[in-house]
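Secondary and tertiary structure notes
The primary structure of each chain is shown beneath.
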Amino acid sequence: MQAVLPANSFLPFCVDNLNKESLTLYVQMIKSKVDEEDYWHSSKFKAFTFDDEDDELSRLKESRQAVNNIRRLVEEDDDEDDVERISWSGEPVGSISWSVKETAASSQRADREPAFPKISTDTPSISRSQSGYSLSSLFKGKPKVGNFQTFSDALTDSSVRLYAPELRKPKSEYKDYVSDWSPEETVQRLQQGKAVSLERFRTLQDKLLLLDHAIAAHDGNVITAVLIYLKRTLCKEVLFRELESRQTALRHFIHYLSETQNQRLLLELHRALGRAEDAALLQYKEHLSITDENKRRDFLKNCLSLPFSAEDLAHVQDHYTLLERQIIIEVTDRQAERGGKVEIFQKFPRKALILNMPLITTLYYCCFYHYAEPEGTFSSPLNIRQTFKISEKQYFVTALAARAKLKAWLDVDALFASRNWLGFTRKKSPLSFQRVVDILQKNSAPTHVLQDYVALVDDGELRLTLAQKHKCHDIVISTYRDMKDRQLLLGYRGKVVRGSAEERKIDDLLSNPQIRWKN
């Protein structure tokens, strides 16, 4: 059943005179007038059945039938037709809009590909009066009466372009990337950065074959990508067992878990592979995430029972002992600082807590605040040195820097004091005296302190250079005197302060007749 409407009611132009705007207005008016009951009963299409053929041939037949309907409509008398047939969609049967939509809908169902190329809106439209073509002439291939182009000439005209619907390519020309790639081809595409799905590798044999090809390609990114897929699709026991025989993949997997901070799975992996020491070290590393010092101390205490190597176990033991001692020192010093009775805490307030500090920092702290305490206390520097077996040189450097920072020069001198078997005292250092001078100079040691240690430098040229750099005038004057170089002494006389003790000393040496100068 078709809806019949008077042609003179809504059709403002004849079919030959339809343009895009008029056709759109006409369709909208038709849609608003179609009754709902007539809409459903007017459909000339049969109901859907499962026997319908949904292939390229049926869609081509539908498109051809639509074109034939348009041709029959155009062949009728355009000016004298009083009725218009309306399709089930509310549009004139055989109209250009109806044909285009039918062809586009069938193409979208096939592959969602556009049936028509996009026509640029910048191209000016050709009106009927200018082009000389009607709908009848275009479909029949006959020009209108008059001096106009033929239909074949119009096809070659650049100003007039006709577009025909493009059929979708058959599925046989497309290669399914989900299911057609072999393991070797998949690895190659991954290396090239192309999209590829690994879901087709479902059996264990296929997955391991893919992993072997990735390892053979020597590409770490591809190996990691395959391992991520295996981690998601295989159980842990199977994955760990297969990785044990593939050490390259195992190293990449361990690195991947470390970078993603998947500590739990990494710990299970070490345990499954029998790597007890690696598992213990990984578990020990978890103390970094514990912020409370008491909980961290208890955690380290529990770590002492883990299967560490002898060397690692000694480090863990020292870590636990150091943290336990830091907690005791921190509690004591906090109370002393709040009490205000300890002078050093008033003159040099603490800038940071001692908790979780390295061993050398803890030693420096104790040399700074607890240097004179007896060896039996936890905060004594000598006790820390003995407990943690700190070398003499390391202890000497740390104590020297701490006491020089406090300007405690007597304590600095005491560090160098050494007695020989005859009972004589002399200055001895595990460091070179040049390094000692540098440490003292960085801590703003006065000239008379620096001069004592510059004089202990064995090399004469180095000693003279350090003396000139740090303005140790007595050492420079004595060196020039020993060299019996009168000219150098005269030149250095102009560098000292006029009227100073150093100038008078130089004058006495220059006027001394007992010195035999070489120049």
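Residues numbered from 1 in each chain as written. Predicted model: local features only at pLDDT ≥ 70, side-chain atom pairs only at ≥ 80, totals over all residues. Heavy atoms only, no water.

With an unreviewed UniProt entry as reference, the chain is termed Spermatogenesis-defective protein 39 homolog, source organism Haplochromis burtoni.

Here we look at the environment of proline 446
Its location among the elements puts proline 446 in the loop between helix H23 (433-442) and helix H24 (447-454). Residue proline 446 is classed as partly exposed on the basis of its relative accessible area of 27%. Once the C-alpha coordinates of proline 446 and tryptophan 409 are considered, the two residues, 37 residues apart in sequence, prove to be 9.8 Å apart. (Helix = DSSP H or I, 4+ residues; strand = E, 2+ residues; numbered from the N terminus. Buried < 20%, exposed > 50% of the residue type's maximum accessible area, 1.4 Å probe, protein only.)

Brief notes about the side chain of serine 379
The residue serine 379 is located in the loop between helix H19 (359-369) and helix H20 (381-387) in this model. Taking the relative accessible area as the measure of exposure, serine 379 reaches 10% and is therefore buried. With residues up to four places along the chain from it excluded, the contact list for serine 379 reads Ile329, Cys366, His370 and Glu373. (Contact = heavy atoms within 4.5 Å.)

Let's talk about the packing of helix H16 (residues 293-303) against helix H17 (residues 310-339)
In the contact formed by H16 and H17, the axes pass within 9 Å of each other and the chain directions differ by 155 degrees. Between H16 and H17, the angle falls in the class roughly antiparallel. Pair H16 / H17 crosses with left-handed handedness. On H17, the residues that touch Glu293, Asn294, Arg296, Arg297, Leu300, Lys301 and Cys303 of H16 are Val316, His319, Tyr320, Leu323, Glu324 and Ile327. Partitioning the contact of H16 with H17 into residue classes produces 6 nonpolar, 2 polar and 5 charged. (Axes fitted to C-alpha atoms, helices over the stretch in contact; angles between N-to-C directions. Parallel < 35°, antiparallel > 145°, perpendicular 65-115°, else oblique. Left-handed = near helix turned anticlockwise from the far one by under 90°. Nonpolar A, V, L, I, M, F, W, Y, C, P; charged D, E, K, R; others polar.)

Some thoughts on the packing of aromatic side chains
In the structure shown here, the tally under the stated rule is 11 aromatic pairs. For the ring pair phenylalanine 348 and phenylalanine 368, a centre distance of 5.6 Å and an interplane angle of 85 degrees mean the geometry is edge-to-face. You can see phenylalanine 348 sitting in the loop between helix H18 (343-347) and H19 and its partner phenylalanine 368 sitting in helix H19, a full 20 residues away along the chain. Three or more aromatic residues link up through ring pairs in this structure, and these residues are Phe345, Phe348, Tyr364, Tyr365, Phe368 and Tyr369. (Phe/Tyr/Trp six-rings, centres within 6.5 Å; stacked < 30°, edge-to-face > 60°.)

Here's the deal with the pattern of salt bridges
Tallied over the full model, the rule gives 14 salt bridges. For aspartate 212, the salt bridge is made with arginine 246, and the minimal N-O distance between the two is 2.8 Å. Taken together, the residues span a long stretch of sequence, with aspartate 212 in helix H10 (residues 204-216) and arginine 246 in the loop between helix H12 (236-244) and helix H13 (247-259) at a distance of 34 residues. Of the charged contacts in the structure, one is a salt bridge between aspartate 413 and lysine 427, with a shortest N-O distance of 3.9 Å. (Salt bridge = Lys/Arg side-chain N within 4 Å of Asp/Glu carboxyl O.)

Quick look at unusual backbone geometry
Working note: non-glycine residues mostly have negative phi, and peptide bonds are mostly trans. For lysine 407, which is not glycine, the phi dihedral falls at a positive 60 degrees. By the element assignment, lysine 407 lies in the loop between helix H21 (392-405) and helix H22 (409-416).

Details of the confidence of the model for the chain
Looking at the chain, pLDDT values average 77 and 65% of them are 70 or higher. Contacts of residues 77-84 to residues separated by more than four positions or lying in other chains number 20 contacts, the stretch itself having pLDDT below 50. Scored below 50 in pLDDT, residues 109-152 shows 64 contacts in the model against residues more than four places distant or in partner chains. (pLDDT = per-residue confidence, 0-100.)

Observations regarding the nonpolar core
Judged by nonpolar contacts, the single largest core of 53 residues is most densely connected at Leu400, Phe416, Leu440, Tyr453 and Leu489. Beyond its immediate sequence surroundings of up to four residues, leucine 440 is in contact with Leu400, Ala404, Trp409, Val412, Ala445, Val449, Leu450 and Tyr453. Counting 29 residues, the second-largest nonpolar core is a separate cluster that includes Tyr229, Leu234, Leu239 and Leu269. (Core = buried A, V, L, I, M, F, W, Y, C linked by side-chain atoms within 4.5 Å.)

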